[in-house]
Amino acid sequence: MQSRLRVQGHPIQPMLVTFPLGLFVSATVFDLTDVIGGPAFLGEVGYWTGVAALFAAAMTTIAGMVDLWDVPGDRTRRTAVAFNLVNATMAAMFLLTCLVRAHSPQRGASAAILVTELVALAVGGVGVHLGARLMRQFDARGRTEAGTFDALGGVAAPTVEVVRPRP
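All residue numbers refer to positions counted from 1 along the written sequence of the respective chain. The model is predicted, so local features are restricted to residues of pLDDT at least 70 and side-chain atom pairs to those at 80 or more, both for listing and for counting; the totals for chains, interfaces and linings are taken over all residues. For side-chain calculations, the full set of non-hydrogen atoms in the structure is used, while hydrogens and water are omitted.

Caption draft 1: Expanded view of a positive patch on the surface. Distance thresholds for patches are 9 Å for like charges and 5 Å for nonpolar side chains (Val, Leu, Ile, Met, Phe, Trp, Tyr), applied to residues having over 30% relative accessible area and no salt bridge. Computed with a 1.4 Å probe, the accessible areas rest on the Shrake-Rupley method; for each residue, only the protein chains presented here act as cover. What counts as a salt bridge is simple: a side-chain nitrogen of Lys or Arg found within 4 Å of a carboxyl oxygen of Asp or Glu. Note that His is not counted, nor are the chain ends; the positive residues are Lys and Arg, and the negative ones are Asp and Glu. To locate a charge, the coordinates of NZ of Lys, CZ of Arg, CG of Asp or CD of Glu are taken. Taken together, the side chains of Arg75, Arg78, Arg133 and Arg136 make up a positively charged region of the molecular surface. Only α4 (75-102) and α5 (111-140) provide two or more residues apiece to the positive patch. Helix numbers and strand numbers start at the N terminus; a helix is a DSSP run of H or I with at least 4 residues, a strand a run of E with at least 2. Checked against the element boundaries, Arg78 lands in helix α4.

Caption draft 2: Spotlight on the packing of aromatic side chains. Between the rings of Phe, Tyr and Trp (Trp by its six-membered ring), a pair exists once the centres lie within 6.5 Å; its type follows the angle of the planes, with under 30 degrees stacked, over 60 edge-to-face, and the other angles tilted. One pass over the full model with this rule turns up two aromatic pairs. Seen from their ring centres, Phe24 and Phe94 are 4.1 Å apart, and the 20° between their planes marks the pair as stacked. In this pair, Phe24 sits in helix α2 (residues 18-35) while Phe94 sits in helix α4, placing the two residues 70 residues apart along the sequence. For the pair Phe24 and Phe94, one class covers both residues: buried. Taking the centre distance of 4.9 Å and the plane angle of 75° together, the rings of Tyr47 and Trp48 count as edge-to-face. When accessible area is computed with a 1.4 Å probe and restricted to protein chains, residues below 20% of their type maximum are described as buried, those above 50% as exposed, and intermediate ones as partly exposed.

Caption draft 3: Local environment of the side chain of Asp31. Within the secondary structure layout, Asp31 lies in helix α2. Residues are treated as being in contact if the distance between any of their heavy atoms lies within 4.5 Å. Not counting residues up to four positions away in its chain, the partners in contact with Asp31 are Leu42, Gly43, Gly46, Tyr47, Arg101, Ala109, Leu114 and Glu117.

Caption draft 4: Summary view of α2. With 18 residues, α2 extends 26 Å from end C-alpha to end C-alpha; this agrees with the ideal 26 Å at 1.5 Å per step. Of all the positions in α2, only Pro20, Phe24, Ala27, Thr28, Asp31 and Asp34 are classed as buried. For α2, the buried positions fall inside an angular range of 120° around the axis, keeping them on one side. Backbone geometry just downstream of α2 places Gly37 in the positive-phi region, at approximately 110°. Here, expected helix span is obtained from the residue count minus one, scaled by 1.5 Å. In this description, one arc is meant: the one made by directions from the helix axis to the C-beta atoms.

Caption draft 5: Region of the structure containing the nonpolar core. In this structure, Phe24, Leu54, Met90, Ala91, Phe94, Cys98 and Ala120 are the most contacted members of the largest nonpolar core, which totals 13 residues. Of all the elements in the fold, those that place two or more residues in this core are α3 (41-68), α4 and α5. Setting aside chain neighbours within four positions, we find Met90 in contact with Leu21, Phe24, Ala120, Val123 and Gly124. To qualify as a nonpolar core, a set must consist of buried Ala, Val, Leu, Ile, Met, Phe, Trp, Tyr and Cys residues joined through side-chain atoms within 4.5 Å. One finds Val71, Ala80, Val86 and Leu130 within the second-largest nonpolar core, a separate group that totals seven residues.

So, in structure tokens, the structure goes:
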């Protein structure tokens, strides 16, 4: 099974998922520093990093939904749906923290916001586990990928393609 959205034969959605996850972790680190007494501007940096992560999560969700369209209705589909729901839950928790902070003048973090972000990251850890399981299931269905960068040289096909996967 192949992803509908690919860059030189590699699925886009697993590449995109690292951006919101990394930004959510960064936002939490900035907020932790703010809560334990670091400079006040780090709370605002954490807020804006969370906002950037939400935009990245939206792009990742769109790519995930496009890929979900052609996943067969078996265990792989259930894993893909669970993966997308877990990631959406994590993003919703961060959205909640951003909405709470949006109306404060400093946009700093509080202990309650930090706890919510840490729980959201734990939920994201479940998403990472489901994503790894999903990739193993895709590999079991015969998806092949190049193992070295040498395989990318001399590619005559388009770099980015949107195709209907073969059954």
